[in-house]
Amino acid sequence: GTGAVTYQVISGPCTVSGATLTGLGQGSCSVTVTKAADGVYAEATSDPATITVDLAPQSPLTLLANPTTLEVNGISALDTTGGNGTGAVTYQLVSGPCSVSGSTLTGLGAGSCVVTATKAADAVYALVVSDPVTLTVSLAPQSPLTVQANPTTVDVNGTSALSATGGNGTGAVTYQLLS
């Protein structure tokens, strides 16, 4: 027949204009087509067709850490580039002696810390996760350590009391004869 063809969204987050369907959100849309009656043929409507609307993929998300090398109790600022949409960015510690609070990583012990970033999905874009970034946490240097001897001159088989000043932390002090 010669009847006009029209499309109609029965359900779901879609609209139709002419013969173009637009997905407005994630989900399934049911659509029918109707061919109008003409002088010979009656109106005919199809069974519904289902169209799945998926979220669009985001562009790659890149995690930035500044600095990537820090000392114990030091911090690194985390940030990202890339991704799309309005989803919130969160940071996750994958492994290592660190902690993450918001966009700040803190080194808790010497070693390597692996971190990723995730940009959440929104109404248009799917979730995206960055490649992991490895940060190196080293022990902090101590202030200069000075050895003192009392007395500074001894007879053969005499003794001198050794002591140390300076340094930091709770590490044990040991003495070594160099020559």
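Up top is the structure these notes are about.
Conventions and cut-offs
- Residues numbered from 1 in each chain as written.
- Predicted model: local features only at pLDDT ≥ 70, side-chain atom pairs only at ≥ 80, totals over all residues.
- Heavy atoms only, no water.
- Helix = DSSP H or I, 4+ residues; strand = E, 2+ residues; numbered from the N terminus.
- Rg over C-alpha atoms; globule rule 2.2 N^0.38 Å.
- Areas by Shrake-Rupley, 256 points an atom, 1.4 Å probe, with all protein chains shown as cover.
- Pairing = 2+ DSSP bridges.
- Buried < 20%, exposed > 50% of the residue type's maximum accessible area, 1.4 Å probe, protein only.
- Polar contact = N/O pair within 3.5 Å; in protein donor to acceptor, adjacent residues only side chain to side chain.

If you tally the helices and strands in the chain, you get 0 helices and 17 strands. Against the compact-globule benchmark of 16 Å for 179 residues, the chain has a radius of gyration of 35 Å, which places it well outside the compact range. Across its three principal axes, the chain shows a C-alpha extent of roughly 130 × 25 × 20 Å. For the chain, the exposed surface amounts to about 11,500 Å²; the carbon and sulfur share of it is 54%.

So, on to the pairing of strand β11 (residues 98-101). Alignment of β11 against strand β12 (residues 104-107), held across 4 bridges, turns out to be antiparallel. Following the sheet pairing, cysteine 98 is matched in β12 by glycine 107. Hairpin connection between β11 and β12: a loop of 2 residues separates the two successive antiparallel strands, and glycine 102 in this loop has a positive phi of roughly 60 degrees.

Attention now goes to the side chain of glutamine 58. Inspection of the secondary structure assignment puts glutamine 58 in the loop between β6 (49-53) and β7 (61-66). The exposure class of glutamine 58 is buried, given its relative accessible area of 10%. Here asparagine 84 takes part through its backbone nitrogen, which lies 2.8 Å from a polar atom of the side chain of glutamine 58. A distance of 2.7 Å separates the side chain of glutamine 58 from the backbone oxygen of alanine 126, its partner in a polar contact.

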